[in-house]
Each structure stands twice: as structure tokens, then as C-alpha cells.
Amino acid sequence: MAAHRKLPYWADAILLPGLNLLAALFVSGLVIWALGESPLEVLSLLIDGAFGFEEGVGYTFYYATNFVFTGLAVSVAYHAGLFNIGGEGQAMLGGLGLTLAVFLVGDLSPVLAVFLAILGAAAFGGAWAFIPAYLQAKRGSHVVITTIMFNFIASALLAYLLVGPLQRPGGQMPESSDFPEGVSLMHLQDLFAMMGFTYESGPLNLSALIAVLCAVGVWFMLWRTRFGYELRVVGQNQNAARFAGISVTRMTVIAMMISGALAGMMGLNELLGEQLRLLGNFTLGYGFVGIAVAFMGRNHPVGIIIASIVFGALYQGGAEIGFEISTITKDAVVLIQGLVILFAGAMEHLFRDPVERAFRMVWERRAA
Amino acid sequence: ADFTPVLLYDIGGKFDKSFNEAAYVGAERFKDETGHGYKDFEPNSETQYEQALRRFARRKADLIIAVGVGYSVAVKNVASKYPDVKFTVIDAIIDLPNVQSITFKENEGSFLVGMVAAMKTESNTIGFLGGMDIPLIRRFERGYRQGAEYVKGDLTFIENYVGTTPSAWNDPIKASEMARSQYARGADIIFSAAGPSGLGSIQAAKDTGNLAIGVDSNQNHVAPGFVLTSMLKRVDLAVYGAMSAAEAGEWAPGHTVMGLAEGGVDFALDEHNADLFTDEMKAKLEEARAKIISGEIVVADVEGSNSGH
Amino acid sequence: MEFFADLILLSDSTIRTATPLVLAALAGLVAERSGIVDIGLEGKMLAAAFAAAAAAAVTGSPWMGMLAGVGASVFLALLHGWVSIAQRGNQIVSGMAINIAVAGLAPTLANFWFQKGGQTPLLGDDARFSTITLPFADMLADVPVIGGLYSELISGHNLITYLAAALIPAVAWMLYKTRFGLRLRAVGENPEAVDTAGISVTLLRYQAMVIAGVLCGLSGSVLSTGLGGGFIRDMSAGKGYLALAAMIFGRWKPVPTLLACLLFGFVDALQGRLQGVDLPLLGEIPVQFTMMLPYVLTVIILAGFAGRMDAPKASGVPYEKDH
Amino acid sequence: MTNAFAIEARALSKSFGDVKANDQIALKVPSGTVHGIVGENGAGKSTLLKMLFGLYRADSGDIFVSGQIQHFTDPSDAMAAGIGMVHQHFMLVEPFTVLENIILGAEGSANLDAAKDAARAKLLMLEEQFGFNLPLDTPVEKLSVGVRQRAEILKALYRGAEILILDEPTAVLTPQECEQLFALVRQLKEQGKTILFVTHKLHEIMTVTDDVTVIRAGKTVAECKTADTNPEELAELMVGAKVVRKTARKQHETEVARLRLTGVSAVGDHGLELKDINLEVFDGEVLGIAGVAGNGQTELLEIITGLRPVQSGVIHMGGEIIADDRLVTNPIALRRMGMAHVAEDRLKTGVVESMSARDNAILGYQRETEFSSHGILKLKAIAAKAAAYFESQDVRPRNPDLPIASFSGGNQQKLVIVRELAHDPALMVIGQPTRGVDIGAVTKIHDQVTELRNAGKAILVVSADLDELLSISDRIAVMCEGEIVGTLKVEDATETKLGLMMAGDKREAS
Ligand SMILES: Nc1ncnc2c1ncn2[C@@H]1O[C@H](COP(=O)(O)OP(=O)(O)OP(=O)(O)O)[C@@H](O)[C@H]1O
Ligand SMILES: Nc1ncnc2c1ncn2[C@@H]1O[C@H](COP(=O)(O)OP(=O)(O)OP(=O)(O)O)[C@@H](O)[C@H]1O
Ligand SMILES: [Mg+2]
Ligand SMILES: [Mg+2]
């Protein structure tokens, strides 16, 4: 059964994506070479910057945390057959919910504030996804358009609040006051210090663990619970869902709200973990990158975590290149990110055929 | 080792045709004049502000200049951890013994270009175009308006903001559309404080045969004859000054405000717009400049001003 | 009378704003009608804007600019086509990747070639498509109503805007009145039917991508050499996504798509006009809320027009021909 | 060579990976004949036809058309050689009109209007010649399957096909439509065309073909004149063993109405309305519903199974109201009350194509405590159950991890049926129990339905296949235009009577 025999799991999950990543890096290398720099030097700076020292690793995982949240968000909606482009806006609203919770009770009890902030982020993010979801379910309004629109609306809303009611007194930029003392998610390096060893992990904070928990939760929900089963049925075949007694409307709304809640939690990392205030544009396109992350990760939580780390490494390593070589600007790094998404995310089959052929040859030789 | 200062831009990036670019110009001048190199970095996100500061602080940079109000919190955090490293922050005020803060009185410069606009307008309607509606930009608007009203009492103002996302600073098409609309509604001069989007406003001035006022850097050359003047914010001087002072060992912490008196803000007059100015106008402007410097005219600021004190 | 003048003004602005939108939306329409989802309009537009401005700056000719803009966009369209058709890749990811890569590539190249910080030099009047005054526009300007309409609204746009006006019926004609259009619409609905009818699905889709590339290239060119006068990083500013929304809103049909683009253009012009204006009853609305207006309105209209969307059935699905 | 075969295949082989779909297949079709091909699900019939039409390329072997060797690289080559094919799943663009569909790929002029005009003239001639009457300007999505199929045939004739390949053309047709098709086939034959005909219904082979080729496991196992064989022999050749119904209908009294519809009306699709439906299904009986497709049978199934609201009237199940003008009972609740439902359209409703067979094995029953508790799926129980289903129903291949889409329709149907049987239903509602299923599986499914009936359960069957209804029902109700025009005891029913009633003739109703 050589042909029906599938590639071993490791080839599917690691070898093929790895080859694609190499192809992306190769093309990036050509661009760097064309810009007059040494591709190898840049590559080594990138890897070294992302994984070469404690703080670099910290930053890599810090950025990855954002992508895990937004990638999971995209993927939960996707499994329900919905394309949520609104991660950006949902993250903004999540940040707002978080901030409101912090200012509401921050002075009373930091612990309670952190707890409520997490809930606030999820609740506001979910609520922001509710209207597009409801309109899709009840009125057939295309969720792709409505979520794009809601991104713009969210940013305008945040801009209004941050130069109005929530503005930092005396501030010049759209940002809120600092969170009250002690209202933050602990940095992991402090946690490590408490446990008795030092590891400088930069801004990496507890939300990274929350993100991993969310990934596990999403995995469990999708493939181990009845709810997840029903969600996937709705995503694949709405007629079959009705046949099986599942309410498509209800599922659409719930799935989008879970998606929005996950996107909303991105603020935990950026705001409650690091910036300790609400910034007007803290989402910085992470919501959009989440789409690429989700698909690169084949819409599986493990894949999403891996893809997030790749992107985290690109963000962090890319910054390190910028520190050292001024001709490789942030733009060049953005280009490399685009190429990685293209090769590793969109060209799943690029090396599949050659690799399968190679495997078949090996199998046949063994069989003979 | 060789003296190597570090220059950190804000998210707008090195060539924003605005104050980041001015900072770059100042650093280049320092490099040309002294032969000392410098390092610079363009961050992608707020998180990288602190990351960059830490990185260079840890390596004991000779001087770290951070450009932009966005750096406030990051500089505060890092500077307190590295008390023996010198920081200069532009557009923000940090009260620490190893930090020098430099801010500008944009409202004073705006006052002067507001006067120019009022003196030049024939329709008695002038416009303002901001990138985002944020306090920083409102200060430009406030000064502009006051300056114009100082000259003429009965002016009509039209005011627009481009957007609410970061792309508001990079949307010349929308800016140009808004400027066209203002011109069509009777404005004949528009002052835009919108970063690169402002180029769209200049374009619209050219296309409709009206006048625009540039911002931050001298933009008179962009469309000679159509740019009435530019409101200069001399971040280049600030950067050059800080670097030179540090090299000479004269760098000192504390807060410096650069207004008209210090030459930190101004309006641009050069060969591209000389024809648009009459001697009478120049005289009036110089008079006002003197009055502002002497304190006879107080240019108002918006709440949240950081240049006062 | 002032109301009328205002309306003409708004409409004039609507036409300008809608020009890049409608060109990009038509590009998306042709691509999706052939079965390829094109979320990469934004990137193609930006690439074209850059290439057009760069070529126009170097050669001094807007025509060379347009050629370069279209060339760049067609190249990306074919790349997206190759990923979608030959690689059977994920079309959404490919589109996103192109958007992101171009956002990085364009300023990088601009910097490399012009050292102006990710911008191209500003274009002189000769290097742009400047506004064209139609015959008699000046003469008629004072005739009441019609004069204003003609001289303000119809006259005085750049060449690409007029080209766009001509391309809308052309695309509609191509789609509904030609053999190619029939096959194009068929391949987006049921590629197997096309295949068994002996027509190459692959070729049709590549052809569609070329057309989409040309349209999107014009859309980008008008940004940097028509409406604007040079390239600035990220100058497409989300217009590609808006065009995509307009196309969906227009239910993948040319005329409704045009109307959607005009609506977006109009509401955008209106929101600019409403900024800082004292409205009866409401007073002065904070700018952030006037800026929300186009988006809120879109959502409301969309919710009003309930019903199914007629997306081409096969769009986004790679076609796997059996052996 | 004047006496060449219209189409001939010599030692054609085709493998998909390790599966030898066709293994040295031989086929000889004399010109001007109707040639039947029969075989089990997955025997390789479609694969053979697709090679003849240039859709697949043979691994080895040769194809001859009128004695000329052919090397088809794609369907346009086959069409050029005079071959036309009507696929099992129609190759039509739904929003296009019939005319547009017919000319697609053979438009002639680049100007569409001119092309349409030219085509219209030619089509009218063809229609006259073959007695078609197709609504050329109606979008295909609005047409019934039978009309669509004639559009497909006209499409092939329009391209000048001399050899027509029909892959399971009758699987979705009503008896009337079948008759029309057979008439057409005979007419085409008279005009000198050659026809290849695949079907699972052996009586059709007997009525319409001249010769028949039997395929088993990718090999030609027999080739003979139709006149020299009979259905039993063919079935045995196909399956490799005798095919017999094992279960006979037991005589017993039926008194308890398990399902009762009283004065039910509902809004249907395409402007149809269900009007004043009164119906009872008793324990221990099979009630068949006959009707031309699109006369409300689908809607009837939907209102009973909780998928469509009723406007007025009441539906009772075992004494409880399950639907009225305000109430729609959720399908899950209905299943818990003992109603099992085999959906009419497998792929559209009955299964989730991209999910594994294992996941599909619990569809609709996912909330039973057997499969989940406290919201958590019981994976082991599910896997065990799926394996048991596969075993008891002989679903092939025996791999519940494969996506259901990669099973043939017959095997999908076996799984769907056993899924519904497994929960000991008191009432079973079945739409098209054996559509596209081979003779072996048909027999098995019919046996199962009869066993259920004998065990005293109530069964409602909607089928387009009158033979099927006649062989498994106790009573048959006929629907026409949303109404029940009458109900016959199976002893009193004949195909002719039913056919008349299906056409709306109420006189036969008793
Ligand atoms: N595209 C394909 N890819 C892989 N295997 C295939 C493919 N098509 C057919 N097969 C294999 O070839 C075998 C023959 O399939 P084929 O479709 O010819 O059967 P068939 O006789 O038409 O069956 P049915 O009566 O169900 O239509 C199948 O068992 C299947 O395993
Ligand atoms: N892409 C594919 N990959 C693998 N197997 C396939 C593929 N396409 C078809 N097959 C196999 O081909 C066989 C027949 O396919 P086909 O589409 O003819 O089924 P079908 O006609 O719906 O079946 P039935 O006649 O039982 O209704 C199936 O057994 C299926 O497993
Ligand atoms: Mg078949
Ligand atoms: Mg079949």
C-alpha cells in the first residue's frame, strides 16, 4: 500500500514546513544580497537575535504570545466556517475592557483587578465580535465585510476615548494614564527569580502561559468536546448541522464570540504585561498577522504555537538586525515576514510531491 | 573608545518628512562635522522602544537620544535602571538625574504661520489639516488659529483630521481630498500638521492653484510657489546640540524648552517662497516674534501641554 | 443653491475617491469570478503605486509609470495565480503574504533607489496624469445647473478616472457578452464543468489574473501618479480591503460594485465635510465619530439588505484535476 | 475495416496508488448499439468511462474509436473523436441557462450574443430531431434533475457526439423520467448513435441494452448479449455469489399509529406548498411515498424530522405533538423520542464530507450519553462503535479514520443506515434508501428495512424508485404538487397506477 501510505507524521509536521521555511529564507537571502548585504550575516544575526541570548528568547516568546492569541482567534472562527478578519478591532476592544476593569478596581485590589482585567479583555473582545456574528447569522451580512468595518470603528472609538474621557492627563498621544501600581501580569523573569534562578526574559510575562492554556483549551474544545464537534460540523456543512439538531445561528454567534474573546486577550500581553497603559494603536496589525499564523499553523493549536514562535522570532530577530545593520531596515524585515508567510503558509504543496516521491523510492527499495 | 551616540526614532521611522527626519538630519550634521559615527534604530512597535533603550544602555552607549513622546515611559523605566547612561528624550519630559528632556513650543511657530496665512488670505477663510485629532496636533492648531486671529478678527476656519489609525499619517490621497474640499469651500491657505499625509495637501494646493503651509521640516521646495511657508520644528538642532554637548563633555540633564527665543521653532523663508512675502509681512512677523519672546504675547497652549512649566 | 454647490462638490470628491476603489474592486471581481479569492488587492495596489511613481520619476512620463505600475501588479497577480492554481495553495494566506511583503518591499526599493526614506521623489506636473479640462467646460461653467454639473463634476478629472469610467462597462461587457466572459463565470462556479467541456481551467484562471492585475495596476497608478504626486509608504491605506468589501457588497456584479464604491466614496467625502460642522440637533460631532460614519453606514446597509450572498461557488477552492 | 467497433478498449489499466481501479479491462461496443456496463460499487466502471472520455489517462492499454487508435489527453480530444459523456454528477453551471451550459466550450463566435443566436437555431433543429423540449433560457438551478440530464445529453449531441457515455443516468430519475430517457436512448440508437450505459438497476439493462459487460474488481468478468442473460445471472456475475433477499415480509396486524399528520400545510421550496397532508404510519408497517421529484416529498421529510416548520395542522408521534404551527421539535429531541432519519441527500445533509467516517458515525447522536457526557466526547466509545458499524454493515474500506468523502456512495449509505438503525428507533424515516447503491448493498438494505418492520417498528420511505417501493412497502402514498393524491395497499398497486397518480390523476385514489 505504498501510495495510500501517508508520509510519516514528522515529515508532514516538521520536514515539509521546514523546507518551506528554508525556501523563504533563500529568497529573502537573494533580496538581502541584492541590497548589498551578506545574507549569511543577516541570517545569523536574525537567529542569534531571536534565540541567541536570554533576553532575545524572552522577546521572541513575548511577540509569539500576541500571535498565539490572534491566531487561535482566527482558527476557532474558521473551524465554524467563519472568516474573522476582525481580530484587530476585537483586540482593541479587549484592551479597552481590560483597561476599564483595571481603573475600576485597581485601587482596591490589584489581584482582583488583574482577574477582572482578564475577564474584561475576553468579554469586550467577544462582545465586539457579537454584532458581526449576529448580523451574519440572522441577516446574512458577510462577516468578512462587517469585521473589517468593525476594525475601523474600533480604532475610531479608541481614538475618541483616548483623547477624551480616558486621556492621560497632560499626555500628547492617544494613551491612557498608567495602570495603578501593582496591577500587572508578573514578568516571568521575576517568577524565575522567586523560584531561585535568574533568567532574563525581557517582557515575557504570565500571559504567555495564559496563551498556552488557551491553546490547550481550544484544542480540547475542538476535538474533545461535544461543543467542538458541533462547531466543526457547522463549519463544514450547515445542512448536516441542522440534521444533527445543532442551531447554526447559535453556533455562529458563540464561535465568533469565542474568537473575539481570544483576540481580545491579546491585550493581556501587550498592556497588562508590558505597557501598563492603554495605547491607541497597541494592536499594530497583530490581528491581521493572526490570519497568516492560523493558516500557517494549519488551524491546529500546536501548529499555531509553532507558527507564532516563527513570527515572534522574525519580529525579534528582525529588530536585532536593525540594531546592527542600518541598511536592513524594518521594511526589509517586513518583506522577509511576507515571504515566510507566502512560502510556509500558502505553499503547502511546494515540496510535497518531491518529498513523497523520495519517500516512495525509499519504501520501494526497502520492500524489494 | 570612539564617541558613538545612539539615535532612536519613533514608529514613524527615519524618513517621515517630519521630526524623525529632522532628527536624522541633525545626527548627519554631527557626523559630518565631527567625523564621529552614530548608531540609529527604527522600531516597529512600542515594545521595541524599551527593548532598544535597554540594549544600548546595557552596552553603555555614550548618549542615547530617543525621539518622540512615545518614549516617555520606556525612557523612565530604563534610565532609572541605568543611572550612569545619558539619555536625551525629545518631545517628552522625564525628571531623572540622567535624562535630558527637550521639548518644543510648536504653538509659537504655528502662531507665526497663522499670521502669515491671515495676512495672505484673500478669501478670509483658512484651513487646518491634522493627521489625528490628538493633543499634540491640537497644539499646532491652537497656535495657528491664535496667530491668524491676532492679524484679523473675522476669519473663517475650516478644520479637518485625516483619520484615527496610524495610516492617517500616510494617506496623502485622503489628505488631498480633504484639502480640495476645504479649498472648494473657500479656503485659500491650508496648514497641515499630518506628517507625510501633508504632502497630499501641498499637492492639492498645486492642483487647485492655492497655497499650503508645510510642517516640521522646510517643505517650501516641494511645490515652489504653492507652499506659502513651513512651520519649522528644529529637532535637528536639538539632536545636534545634544550630541555635540555630550562629545564635548558639556551635556547636562534637565528640561530645555525650545521656543522662538531659542530658535527651536520658526517659519521658513527661502528662495522658494520669497516672492510670496512682502516686506510689510516680514516686518509684522518680526514684530510678533519679538513680542512673543519678550512675553508680551502669550501663545496659548492646549491642556496637556508639555512645553509650559 | 449652496446645497446644490455642496452636493456637486461632494460628488466631485466621490468620483475621485471612488476611482481607485472601483478599479481594484473590478480586479477583485474578475479574479473571484474565475474562482480565485483575491485578498491581495491592497498589496497589488501598493506595488503598482510604487512602480508607477518610480518609473514616472525616472522617465518623467506618467505613461511609463502606468506601464510599470500595471507590470508590477500583473506580476503579483500571476504570482498569486501560480500559488493558487499550480500550488493549490491557500488563497487567503497568499493574498495576505503579498500584502505584507509589498508593504516591506516597496519602501525598501524606494530607499535603495531614491534614498528618500521609502518615498519616491515628488512628481512634477509632466510626470503625473494631471486633471483634464473637457472641451467647453470653462465656457459652460456659468450656465446654471448643467454648467456646474459639467464643468465641476464631469470635467476636471485625471485620465485614469476617465479610463475607469470606460472600463466599468467594458468589464461588464466582457463578463456578460463575450465567450471569454461566459467561460470565466463558469470556471468560478464549476471548474469541473469547464474542464469536461474541454477548456483549460488553468489557462482561464491565469487570464483572469492578468486582467485583475491590469485593473489593480491602474488602481495603484492613479494613487501615485493621478490623485497623488509620488509614492509614500503604505499609501494604499486600506483601500484594497475596502475595495474587497465593495465587491462583496456589490455581490460580485459590476454595476452594484460600482455603486458600492461610489457609496463608500460619497460617505467618505461626507464625513470630511461634517468634521467640525455644527449640525442641527446633534451639535458638533467629535471627529472620531464622523470618521466612523462610512463604516457604520456600511454595516447598517449590509444588515438591511439581508439575504444570501452570491459568491462564485468555486471561489477559494483549488481545482484538483484528476490524473 | 468496415465492421469496426464504435469504441473498443484493449487491456486498459489504471491504478490510483495501489488500488487497481481497472485491470486489463476489455470492452467492445459495436456501432449503433446500446451497451450496458454493470458492476458493484467501486468495481471500476466510472474509471473506465472517464478514460474513454479523456478525463483520466490509462496507465497502459489502448482505446480505439471506429478502429482508429486514440491518445486522448483531455476531454476535448475525446469530443473531437465524437465521444460525449453525461457524468454521474452533472457538469452544469447552475446559474447559467440551459443554452449557456450547452454552448460552453463550443461557442463558436467570440461574441456571446451571436454565439447564442447561432446555437439556438442549431438546437431547435436538434430538439426537433430527437423530440426534446428544453427551456433554453431558464437557469439550470431551477430545473429538475431529469431536465438537467436531458440538457447534458443535448450538450453532447450539440457537439456532434456519435458515441454517448451515460454514467448511472437513472440513479436520480423518476420512473417517468426513466421512461423518457429510454425512449430517447432508443431513438438515438435508431439515428445510428452508439450508447454506453452504466446502471445498478438490472431491469434497466434488460430493457434498454443490446449487450452487457460485467466488471468486478477492475476486471471484465463477462460479456454477453442481453438477450442471452437475466438479472439473476448478472447479479451473480457482479458480486461473485448469489444475491437473494433473506427476509420476507411477515404478516401481522398493525393498529398503533406511530406517526400521524393531521391537516398539515407548510411552505416548500420553489413556490411549492404542502397542502392539507393527512397521513398515518402504523407500527409494523412500511409506508412508501411515491412522487415525481419536486412534488413535496423532500419537504414532507423535513417537516416530520424537525427541519422545517409547519404553517398549520399537527404532527403526532406516538401520541405526543411534535410539530404544529408554533412548535418545531429539535431533531435531537425527535431522535430521543425514537425517530431515526436517513436523509434524502447524503452528501448535502446526511454526512459531513470532510470529517472522518468515525466522526460521521455519531452525527445526530453526539449528545447521547453513549458518546458524550458532561460535554466531553467519549472517544473510545465512539471509535468502538464506528468499528462495529463497519463490521456489521461490511463498509469498505475498513478504515473509519478516512474522511467519509473517500468512500463510495454505496458505502456511505451503508454507514448512514446503520447509524440510524443502531439506536433502536420506533419510527424510521428514510429518504432514497438505495440511490446509487449496487445490487448487493440494495438487497442488504431492503432486508434491514423489512427486519425492522417485522420487529414492529414504523417506517416511512420516500423513494423515486417504484420497484423499490413496491418491494418493501405495505402501503404507498403518492404525492403530487404538495398534496397526497391517494394511498394504495401494495397488493393493489402497480407501476402504471402509481405513475398515473404521480401525474396528478386522482381517479386512481381509493
Ligand atoms: N480519483 C480517484 N483517486 C483514487 N482512487 C480512485 C479514484 N477514482 C476511483 N478510485 C478507486 O478506483 C476504484 C474504482 O472506482 P470507480 O469510480 O471506477 O468505481 P465505479 O465502478 O464507478 O463505482 P460506483 O458504482 O460506485 O460508481 C474505487 O474503488 C476507488 O478506490
Ligand atoms: N479523490 C479521491 N480520492 C480517493 N478516492 C476517491 C476519490 N474520488 C473518488 N474516490 C473513490 O472512488 C470510488 C467511486 O467514486 P465515485 O465518485 O464514483 O463514487 P459514487 O459514484 O458516489 O459511489 P456510488 O456509485 O456508490 O454512489 C469511491 O470508492 C471513492 O473511494
Ligand atoms: Mg461510478
Ligand atoms: Mg456511483
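Residues numbered from 1 in each chain as written. Chains lettered and ligands numbered in written order. Predicted model: local features only at pLDDT ≥ 70, side-chain atom pairs only at ≥ 80, totals over all residues. Heavy atoms only, no water.

An unreviewed UniProt entry lists chain C under the name ABC transporter permease, from Kordiimonas lipolytica. What the UniProt record of chain C gives under Subcellular location (unreviewed entry) is the line "Cell membrane". (UniProt positions renumbered as here; feature names shortened; annotations may be inferred.)

Caption draft 1: Inspection of the sheet that holds strand S11 (residues 257–267) of chain D at higher detail. All names here are of chain D. Strand order in the open sheet formed by four strands is S12-S11-S14-S15, and the pairing between neighbours is antiparallel. Either end of the sheet is taken by a strand with one partner, and the two such strands are strand S12 (273–282) and strand S15 (320–323). Strand after strand, the sheet turns through a mean of 25° between neighbouring axes, direction not considered. Relative to S15, strand S14 (residues 312–317) runs antiparallel, the two sharing three bridges. The residue bridging Met-317 from the neighbouring strand is Glu-320, located in S15. Strand contacts of helix H9 (residues 297–304): S11, S12, S14 and S15, with the helix running at about 120° to S11, the strand carrying the most contacts. (Pairing = 2+ DSSP bridges. Helix = DSSP H or I, 4+ residues; strand = E, 2+ residues; numbered from the N terminus. Axes fitted to C-alpha atoms, helices over the stretch in contact; angles between N-to-C directions. Contact = heavy atoms within 4.5 Å.)

Caption draft 2: Layout of the site of ligand 2. All names here are of chain D. Neighbouring residues of ligand 2: Asn-41, Ser-46, Gln-88, Glu-168, His-200, Ser-406, Phe-407, Ser-408, Gly-409, Gly-410 and Gly-436. Residue Gly-410 places a main-chain N or O atom 2.6 Å away from an oxygen atom belonging to ligand 2. Relative to its unbound accessible area of 620 Å², ligand 2 is 54% covered by the protein chains. Here the shell around ligand 2 is composed, by residue class, of one nonpolar, nine polar and one charged. (Near = heavy atom within 4 Å. Polar contact = N/O pair within 3.5 Å; in protein donor to acceptor, adjacent residues only side chain to side chain. Areas by Shrake-Rupley, 256 points an atom, 1.4 Å probe, with all protein chains shown as cover. Nonpolar A, V, L, I, M, F, W, Y, C, P; charged D, E, K, R; others polar.)

Caption draft 3: Representation of the pairing of strand S1 (residues 5–16) of chain D within the structure. Residues and elements named next belong to chain D. Note: S1 against strand S2 (residues 19–30), eight bridges, orientation antiparallel. Opposite Ser-15, over in S2, you have Lys-20 as the bridge partner. Linking S1 to S2, which pair antiparallel, is a turn of two residues; within it Gly-17 sits at a positive phi near 60°.

Caption draft 4: Layout of the interface of chain B and chain A. Counting residues at the interface gives 35 residues for chain B, matched by 36 residues for chain A. Of all residues in chain B, Glu-46, Thr-47 and Gln-51 of chain B bury the most surface against chain A, accounting for 19% of the area lost on that side. Put simply, Arg-59 of chain B and Glu-324 of chain A hold a salt bridge, and the shortest N to O gap is 3.5 Å. Secondary-structure elements contributing two or more residues to the side of chain B that touches chain A are strand S2 (39–41), helix H2 (46–58), helix H3 (72–81) and helix H5 (135–151) of chain B. Considering each element in turn, the side of chain B that touches chain A owes the most residues, ten residues, to H2 of chain B. Along the lines of polarity and charge, the residues of the side of chain B that touches chain A split into eleven nonpolar, eleven polar and 13 charged. (Buried area = accessible area lost by both parts, 1.4 Å probe. Salt bridge = Lys/Arg side-chain N within 4 Å of Asp/Glu carboxyl O.)

Caption draft 5: Representation of the interface of chain A and chain C in the model. Taken together, the 41 residues of chain A in the interface contact 44 residues of chain C. At the boundary of chain A with chain C, total buried surface from both sides reaches about 3800 Å², with 79% on carbon and sulfur atoms. At the boundary of chain A with chain C, the tally comes to one salt bridge. Here Asp-331 of chain A makes a salt bridge to Arg-233 of chain C, at a shortest N to O gap of 2.7 Å. Here chain A and chain C share six residue pairs in polar contact (both at pLDDT 80 or more) between them. When residues of the side of chain A that touches chain C are assigned to their parent elements, the largest contribution, 13 residues, is made by helix H6 (residues 143–163) of chain A. Residue composition of the side of chain A that touches chain C, grouped by class: 29 nonpolar, nine polar and three charged.

Caption draft 6: Structural context of the UniProt feature "transmembrane region" (unreviewed entry) in chain C. All names here are of chain C. What UniProt calls "transmembrane region" (unreviewed entry) maps, in this numbering, to residues 66–85, 92–114, 159–176 and 287–306. Taken as a whole, residues 66–85 contains 100% helix and 0% strand, while its terminal C-alpha atoms sit 27 Å from one another. This span, residues 159–176, is 100% helix and 0% strand, and a straight line between its end C-alpha atoms measures 26 Å.

Caption draft 7: Structural context of the environment of Gly-228 of chain C. For Gly-228 of chain C, the position within the fold is in the loop between helix H10 (201–227) and helix H11 (239–249). We classify Gly-228 of chain C as buried; its relative accessible area is 8%. Sequence spacing of Gly-228 of chain C and Leu-122 of chain C is 106 residues, and the spatial spacing of their C-alpha atoms is 9.1 Å. Among residues more than four places away in sequence, those in contact with Gly-228 of chain C are Ile-173 and Gln-203 of chain B together with Arg-128, Val-222 and Leu-223 of chain C. (Buried < 20%, exposed > 50% of the residue type's maximum accessible area, 1.4 Å probe, protein only.)

Caption draft 8: Local environment of the packing of aromatic side chains. Taken as a whole and judged by the stated rule, the model has 36 aromatic pairs over all chains. With a centroid separation of 5.9 Å and 70° between ring planes, the pair formed by Phe-67 of chain A and Phe-311 of chain A is classed as edge-to-face. A residue pair is termed long-range when its members are at least 10 positions apart, and Phe-67 of chain A in helix H3 (residues 54–79) and Phe-311 of chain A in helix H14 (residues 301–324) qualify at 244 residues. For Phe-67 of chain A, a relative accessible area of 0% gives the class buried. When the ring centre of Tyr-240 of chain B is taken as reference, the NZ or CZ atom of Arg-29 of chain B above it lies at 3.7 Å. Lying across the ring of Phe-157 of chain B, Arg-145 of chain B places its NZ or CZ 4.5 Å from the centre. (Phe/Tyr/Trp six-rings, centres within 6.5 Å; stacked < 30°, edge-to-face > 60°. Lys NZ or Arg CZ within 6 Å of the ring centre and 35° of its normal.)

Caption draft 9: Geometry of helix H7 (residues 198–208) of chain B. Among the eleven residues of H7 of chain B, eight are classified as buried, and the element is accordingly described as predominantly covered. Buried residues of H7 of chain B: Gly-198, Leu-199, Gly-200, Ser-201, Ile-202, Gln-203, Ala-204 and Ala-205 of chain B, and no others. Buried residues belonging to H7 of chain B abut strand S6 (125–130), helix H6 (172–184), strand S8 (189–193), strand S9 (211–216) and strand S10 (227–233) of chain B together with H10 of chain C. Once H7 of chain B ends, the next one or two residues include Gly-209 of chain B, with phi positive near 75°.

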